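Structural overview for review
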Amino acid sequence: MVRVPDKPEQTLGVREVAVALSGAPQPQSVGVLPLGKRLPACPDWDQTGDHTGANPPFRVSVLLSVVFLAQANFAPHFFDNGVGSTNGNMALFSLPEDTPVGSYVYTLNGTDPEGDPISYHISFDPSARSVFSVDPNFGNITLVEELDREREDEIEAIISISDGLNLVAEKVTILVTDANDEAPSFIQEPYVVQVPEDIPTGSSIIKVHAVDKDTGSGGSVTYFLQNMHATKFAMDRHSGVLRLRAGATLDYEKAQAHFVTVVAKDGGGRLRGADVVFSATTTVTVNVEDVQDMAPVFVGTPYYGYVYEDTLPGSEVLMVVAMDGDRGKPNQILYSLLNGSDGGFEINETSGVISVMQSPAQLRREVYELHVQVTEVSSAGIPAAQAMVPVTIRIVDLNNHPPTFYGESGPQNRFELSMYEHPPQGEILRGLKITVNDSDQGANAKFNLRLVGPGGIFRVVPLTVLNEAQVTIIVENSAAIDYEKFKVLTFKLLAIEVNTPEKFSSTADVVIQLLDTNDNVPKFTSHYYIARIPENAPGGSNVVAVTAVDPDTGPWGEVKYSIYGSGADPFLIHPSTGIIYTQPWASLDAEATARYNFYVKAEDMEGKYSLAEVFVTLLDVNDHYPQFGKSFQEKTMVLGTPVKIEATDQDADEPNNLVDYSITHAEPTNVFDIDTHTGEIRLKNSIRSLDALHNITPGGDFTWSLEVQAKDRGSPSFSTTALLKIDITDTDMLSRSPMAAFLMQTKDNPMKAVGVLAGIMAIIVAITVLISTATFWRNKKSNKVLPVRRVLRKRPSPAPRAVRIEWLKFRRTKAAAKFVLKEDPPNENCNNNSLGNTLPPKAPAPPPPPTMAPNMGTAHWTVPTVSGSLTPQQPQRSPKPKVGSPIQSALVSELRQKFEKKSVGNKAYF
């Protein structure tokens, strides 16, 4: 601890600190000065802290820390301007969630009782986002993160105000108010409901529900149908209940499913200064369940059968096929003959096969008209709906006719039909009116039918025909009926006799012209696209062209392109060509965002779509100048050791961000060389001593100024210059004076000096503790209580400072004697705010050197240097000294003044 006697407050000089380090006894202490405060003016003490008046001088000594005279300092405080104010301490401050990022939102405002400069700060919990930033000088608070009330409705922050010594912090809560930025969202999707086809009109079917996270009108949701005039359903706009419209009915046989689009819309609200309304849609699938409300239907009517003269009793004549009209839940079908058979025919009640029960010779009529009845039997075994069909059976005796196909106008061997692709499974091709007939009787008129062509697509009913039947072709595989694969499907319908040796047969061509439907989704030629454009590309520049293909024809094959995603803002896409280009206003910057990725959507007229991902890389161009940390810098160079200057280029890629250095101007010239790539500055090889520097310096001026240029390697190339002033010292001088070497080496890094001093004090404390502990245990072991003596000796008054100056002159080296520096105007007040005009007094004759500190005999404080001043790039207010910095600042300042000062009248050299 450095202690001072009772006298006017005074800043300690470098020489007193140096004497303190020599181990001089301590004087009486009186008070403590807060670190960072200057002592008032002291007329009896010169700028360097040396005594010049009649008051007795004093010495200081180092104990453990430095203690100065105390001076009160009050803490700064914020102004509390209340609710609604935009400046103060942010009390009850609120902010809309749609406030743009980068907006100025508030001004911290406070004052310091002493009028010292104040600075502002804002901080957040480490686990929270840093939503705001503050200008430390003016207190302007800026929004730097996007707000979202639904995720975070209040923000806690700690604001603080500091005068450099005192810091006052307050915890504040900023409320985030709502904006209509959320769209309604349906929950519990998908909506699928099963409804019987006989549901009464006006019945409730299903309830949909959507939620909106916003508050107020923006959070209220109403419902309506997208196509309310073209549907059988109605929607309750408040409850979301879907009902069957009054007077409307469902019919399973006409439509087995209904797809209803429901729109949920919020009540609207303000967003970024405009009134906006958001909506969402969902699809409700209403599946219609079949009920028993249709009579049975016969397939393959009219029915014709033939009995040949050689037909055996019990032979199958023909088969009647019927099915339940309710195909969703069909009942069992039972067949029966009502009349007209005269005992000559019977029908199988389950298969519908009609058989002849007598020989043809016993049959009295040539033609029999039978009536076949089918009856549905419910799952409970109760007869239900019925239907009847006539069956004509002809009696023939010779096999002299092959099967023949007939159309509406007579025999025909080619049948054509146009139909849409992908018909429902099991659908009958009703457009084909085909009848097949064999004019023979009995077994000679029995033949099989089959389709010859692409297999598994259609099946023919009946498979076996007796005499004559209506040919029915039924869809077997709907997926295979694809317009994109086959524009035309061609089959051979083959009828061939079964039980005749002749095997008479015939064929007919069935040609089906397929019609296109919108059954394909547009597909991109690639799952992703990669593009590269220069960052200086003007707005509207083409980036990449995407292509999607829809195999469908006509309007269904037309593709519309769109883009979306977080990275799509600077780009647009042509809806028809798929060319992606930059927005007219887009300003791309590879240093800010080097890559973008987003999605492109290809959609047809019915909303079927596919996606692809686009990656856009910005190519860097040379659009940034190299920048020095400061445009005016000061460096200290030791002979033989280079100093380094650095500049950075903010361009993203090489070679635009590579910097080359050169010296464009130097005063004087031919002294320094610079490394082009690293920026290291050295003395030329021919300069090896301060003598050589002195010889080439014009007029003895030791201020070295360089203009250094930093130039990047881009095309075109940009360059920046900085002014550099260099102080040069000799390694011999530093080696002979350890303290001077240490101070010069730490001149550019004051914290290093503080660290070394702290280490020295820690070592002293450790040694003291060890000695005390050893003494204690020695006394305890010898069971003796030794007295503690303290001998106080009064030290004779030291010689005046002028005598020490002469003694230093006597001890200086020859090299130091060669450098005579011009003296700067002395600073007479202790706060370094103004310059005086008086010169220091003439030094008396030097006394003999002291013998109490032999190590100080070689500590030469006369290190010749070339001095300069450091000018910041922009004017800034001088910050208050930090804790721990006054000692090193005083040491460096005093030492520099000693090196530079030269008394013109007395010609005193340091």
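Residues numbered from 1 in each chain as written. Predicted model: local features only at pLDDT ≥ 70, side-chain atom pairs only at ≥ 80, totals over all residues. Heavy atoms only, no water.

1. Here's the deal with the UniProt feature "transmembrane region" (unreviewed entry) in the protein chain
To be explicit about the condition: UniProt positions are given in the numbering used here, feature names are shortened, and annotations may be inferred rather than shown by experiment. Helix numbering and strand numbering both begin at the N terminus, where a helix is a DSSP run of H or I of at least 4 residues and a strand a DSSP run of E of at least 2.
Here the UniProt feature "transmembrane region" (unreviewed entry) sits at residues 753-777. Between the C-alpha atoms that bound residues 753-777 the distance is 37 Å, and the span itself is 100% helix and 0% strand.

2. With respect to the pairing of strand E56 (residues 680-683)
Basically, it comes down to this: Whether a residue is buried, partly exposed or exposed follows from its accessible area with a 1.4 Å probe, protein chains only, as a fraction of its type maximum: under 20%, in between, or over 50%, in that order. The rule for pairing is simple: two strands pair if DSSP sees at least two bridges between them.
Residues Ile681 and Leu683 of E56 are buried on one face, while the alternating residues Glu680 and Arg682, pointing to the opposite face, are not. As paired strands, strand E52 (residues 643-644) and E56 are joined by two bridges and run antiparallel to one another. From the neighbouring strand, Val643 faces E56, where its bridge partner is Ile681. Two elements, strand E55 (residues 672-674) and E56, share three bridges in a ladder whose sense is antiparallel. Of the residues in E56, the one forming a bridge with Ile674 is Ile681. Where E55 folds back onto E56 in an antiparallel hairpin, the turn is made up of five residues, including Gly679, whose phi is positive at roughly 80°.

3. Section: the pairing of strand E12 (residues 191-196)
Alternating residues of E12 divide into Tyr191, Val193 and Val195, all buried, and Val192, Gln194 and Pro196, none buried. As paired elements, E12 and strand E21 (residues 279-289) share six bridges and run parallel to each other. Of the residues in E21, the one forming a bridge with Gln194 is Asn287.

4. What about the pattern of salt bridges?
Definition in use: By salt bridge we mean one thing: a side-chain nitrogen of Lys or Arg within 4 Å of a carboxyl oxygen of Asp or Glu.
Taken as a whole and judged by the stated rule, the model has 14 salt bridges. With its nearest N and O atoms 2.8 Å apart, the salt bridge here joins Asp178 to Arg149. You can see Asp178 sitting in the loop between strand E10 (167-177) and strand E11 (185-186) and its partner Arg149 sitting in the loop between strand E8 (140-143) and strand E9 (154-162), a full 29 residues away along the chain. The exposure class of Asp178 is partly exposed, given its relative accessible area of 24%. A relative accessible area of 16% means that Arg149 is categorised as buried. Among the ionic pairs, Asp509 bridges to Lys492, the shortest N-O distance being 2.5 Å. Of this pair, Asp509 sits in strand E40 (residues 505-515) while Lys492 sits in strand E39 (residues 488-497); the two residues are 17 residues apart in sequence, bridging distant segments of the chain. Residue classification places Lys492 among the partly exposed residues on the basis of a relative accessible area of 37%. Each of Arg129, Glu145 and Glu152 takes part in one network of salt bridges that share partners.

5. Re the environment of Pro402
Stated precisely, the cut-off is as follows: Whether two residues touch is decided by their heavy atoms; if any such pair falls within 4.5 Å, the residues are in contact.
Topologically, Pro402 is positioned in the loop between strand E30 (383-396) and strand E31 (404-407). Looking at Pro402, the relative accessible area reads 35%, which means it is partly exposed. C-alpha separation for the pair Pro402 and Glu502, spaced 100 residues apart in sequence, amounts to 9.2 Å. In contact with Pro402, not counting residues within four places along its chain, are Asn437, Asp438, Glu497, Phe504 and Ser505.

6. Things to note about a nonpolar patch on the surface
Note the threshold: Surface patches are defined over residues having more than 30% relative accessible area and no salt bridge, joining like charges when they lie within 9 Å and nonpolar side chains (Val, Leu, Ile, Met, Phe, Trp, Tyr) when within 5 Å. We get accessible surface area from the Shrake-Rupley algorithm with a probe of 1.4 Å; when it comes to residues, only the shown protein chains can shield them.
Judged by side-chain polarity, Tyr564, Tyr599, Tyr609 and Leu611 come together as a nonpolar surface patch covering roughly 380 Å² of accessible area. By relative accessible area, Tyr609 is classed as partly exposed at 44%.

7. Quick word on the packing of aromatic side chains
The following threshold applies: Aromatic pairing here means that ring centres of Phe, Tyr or Trp (its six-membered ring) are within 6.5 Å. Orientation follows from the plane angle: under 30 degrees is stacked, over 60 is edge-to-face, and everything else is tilted.
Evaluated as defined, the whole model comprises 15 aromatic pairs. Note on Phe458 and Phe491: the rings are 5.3 Å apart at their centroids and 90° apart in plane angle, and the pair reads as edge-to-face. Placement of the pair is Phe458 in strand E36 (residues 458-461) and Phe491 in strand E39, with a sequence separation of 33 residues. Across this residue pair, the class does not change: Phe458 and Phe491 are buried. With a centroid separation of 5.6 Å and 80° between ring planes, the pair formed by Phe776 and Trp777 is classed as edge-to-face. Residue class for Phe776 comes out partly exposed when judged on its relative accessible area of 48%. Counting every residue linked through ring pairs, the aromatic cluster contains Phe524, Tyr529 and Tyr561.

8. Brief notes about the environment of Leu429
Inspection of the secondary structure assignment puts Leu429 in the loop between strand E33 (414-420) and strand E34 (434-437). Leu429 gets classed as buried once you look at its relative accessible area, which sits at 5%. For Leu429 and Met419, which are 10 residues apart along the polypeptide, the C-alpha to C-alpha distance reads 8.6 Å. For Leu429, the contacting residues outside a window of four places in its chain are Leu417, Met419, Phe458, Ile473, Val475 and Ile512.

9. What to know about the sheet that holds strand E6 (residues 119-123)
Threshold: Working convention: axes come from line fits to C-alpha atoms, limited for helices to the stretch in contact. Angles between N-to-C directions cover 0 to 180 degrees.
Overall, mixed pairing links the four strands, which are arranged E3-E10-E9-E6 in an open sheet. Unpaired on one side and paired on the other, strand E3 (94-96) and E6 mark the two borders of the sheet. For this sheet, the mean inter-axis angle between neighbouring strands, taken without regard to orientation, is 30°. One ladder, built from nine bridges, connects E9 with E10; its direction is antiparallel. Each residue of the ladder has a partner; that of Ser160, found in E10, is Ala169.

10. Focus on unusual backbone geometry
Note that the residue after Glu189, namely Pro190, is joined by a cis bond; omega there is 0°. In this structure, Pro190 sits in the loop between E11 and E12. With a phi angle near 60°, Met90 is a residue other than glycine that sits in the positive phi range. Note on placement: Met90 falls in the loop between strand E2 (87-88) and E3. Overall, Met90 belongs to the buried group, its relative accessible area being 1%.

11. Some words on the sheet that holds strand E37 (residues 464-466)
Across the sheet, five strands lie side by side as E33-E40-E39-E35-E37; this open sheet has mixed pairing. Only two strands of the sheet have a single partner each, and these edge strands are E33 and E37. On average, each strand axis in the sheet is tilted by 25° relative to the strand beside it, whichever way the strands run. With three bridges joining them, strand E35 (residues 446-452) and E37 adopt antiparallel strand pairing. Among the inter-strand pairings, Lys446 is bridged to a residue of E37, identified as Leu466.

12. A short note on the nonpolar core
Going by this rule: Note on terminology: a nonpolar core comprises buried Ala, Val, Leu, Ile, Met, Phe, Trp, Tyr and Cys residues joined through side-chain atoms within 4.5 Å.
Phe405, Leu429, Val436, Leu449, Phe458 and Ile512 are the most contacted members of the largest nonpolar core, which has 29 residues in total. Those elements giving two or more residues to this core turn out to be E33, E34, E35, E36, strand E38 (468-475), E39 and E40. Setting aside chain neighbours within four positions, we find Ile512 in contact with Leu417, Met419, Leu429, Phe458, Lys487, Val488, Leu489 and Phe491.

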